[in-house]
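# Coordinate inspection notes
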Amino acid sequence: MKIVMLGAPGAGKGTQAKMIVEKYQIPQISTGDIFRANIKNGTELGKKAKTYMDQGALVPDELVVDLVVDRLAKDDCANGYVLDGFPRTIPQAEALTAALAAQGDKLDYAIDVEVPDENIVNRMSGRRACVNCGGTYHIVYNPTKVEGICDACGGKLILRDDDKPETVQHRLTVYHEQTQPLIDYYNGQGILKEVDGTQDMADVFADIVKVLG
Ligand code: AP5
Ligand code: MG
């Protein structure tokens, strides 16, 4: 099963992708998580990506596409994957379609988690991310058992650098300009499924399971 998660920053792509991983035993490939791991490890890619991410801008397509195509060639992707945060632009989507087509392959589902802009800033300011494993929580909607400590790995929780309200606003603008057109793109491919992302996390997931079967 090859799935793409679509949706605004903070719509819950990562949250739902993690639940898909558990139930369907396929890997989550999050370009945001890959970049954050590179930043943490001080790699060249991380240094380049950080300058864009801190401003809420997109990392250039050429730094993203090969990275993902290489990742999809790994053994653990043989039975499918859930892409979270990629593709983000029409050129990225076209590059993915072409890379898959070259192997006689294609995506099965593009799941758009719909949340209006007015709900997003509130979600982001309450989000906490684990510095160690990237686990994501919310101080109100999905709190950890011990405040400030990741339930999964015991790592420290932080507010992401790009979750400040002014940066979130810019990420939303970038989303509407560059990423939202992917909804039409995947609708055109006949694989678009829309779910209401304003519901409880468990209800959003139940709707996704109805789609995936
Ligand atoms: P990325 O890490 O992908 O960030 P994003 O798309 O902005 O999305 P988020 O991770 O912020 O939100 P999410 O939808 O995963 O929501 P979450 O589940 O955490 O990218 C970051 C940056 O990296 C980009 O700005 C760009 O610079 C760069 N980048 C990455 N990929 C790129 C690419 N392909 N090309 C170019 N640049 C790229 O949920 C949010 C919060 O809400 C959490 O606290 C969660 O607990 C809570 N929550 C989730 N669901 C619910 C619910 N149903 N009800 C209540 N609360 C909820
Ligand atoms: Mg995410």
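The preceding data block contains the structure.
Let us look at the structure shown here. (Residues numbered from 1 in each chain as written. Chains lettered and ligands numbered in written order. Predicted model: local features only at pLDDT ≥ 70, side-chain atom pairs only at ≥ 80, totals over all residues. Heavy atoms only, no water.)

## Some points on the packing of aromatic side chains
Overall, the coordinates contain 1 aromatic pair when judged by the stated rule. Each ring, one from tyrosine 185 and one from tyrosine 186, has its centre 5.0 Å from the other, and the planes form 85 degrees; the classification is edge-to-face. For tyrosine 186, a relative accessible area of 0% puts it in the buried group. Cation over ring: lysine 23 sits above tyrosine 24, and NZ or CZ is 5.8 Å from the ring centre. (Phe/Tyr/Trp six-rings, centres within 6.5 Å; stacked < 30°, edge-to-face > 60°. Buried < 20%, exposed > 50% of the residue type's maximum accessible area, 1.4 Å probe, protein only. Lys NZ or Arg CZ within 6 Å of the ring centre and 35° of its normal.)

## Quick notes on the side chain of threonine 179
Along the chain, the position of threonine 179 falls in helix α7 (residues 165-179). Judged by its relative accessible area of 7%, threonine 179 is buried. Sequence-distant contacts of threonine 179, that is, excluding residues within four places in its chain, are made with Arg88 and Val174. (Helix = DSSP H or I, 4+ residues; strand = E, 2+ residues; numbered from the N terminus. Contact = heavy atoms within 4.5 Å.)

## What to know about the site of ligand 1
Taken together, 35 residues lie around ligand 1, and Thr15, Thr31, Ala57, Arg127 and Arg171 are the ones closest in. In the environment of ligand 1, an oxygen atom lies 2.5 Å from a nitrogen or oxygen atom belonging to the backbone of alanine 57. Between an oxygen atom of ligand 1 and a side-chain N or O atom of arginine 160, the distance comes to 3.2 Å. Surface burial for ligand 1 is 97%, taken as the share of its 1000 Å² of free accessible area covered by protein chains. For the shell around ligand 1, the secondary structure elements donating two or more residues are α1 (13-24), α2 (31-40), α6 (117-126) and β6 (136-138). In terms of residue count, the dominant contributor to the shell around ligand 1 is α2 (4 residues). Residues of the shell around ligand 1, tallied by class, amount to 14 nonpolar, 12 polar and 9 charged. (Near = heavy atom within 4 Å. Polar contact = N/O pair within 3.5 Å; in protein donor to acceptor, adjacent residues only side chain to side chain. Areas by Shrake-Rupley, 256 points an atom, 1.4 Å probe, with all protein chains shown as cover. Nonpolar A, V, L, I, M, F, W, Y, C, P; charged D, E, K, R; others polar.)

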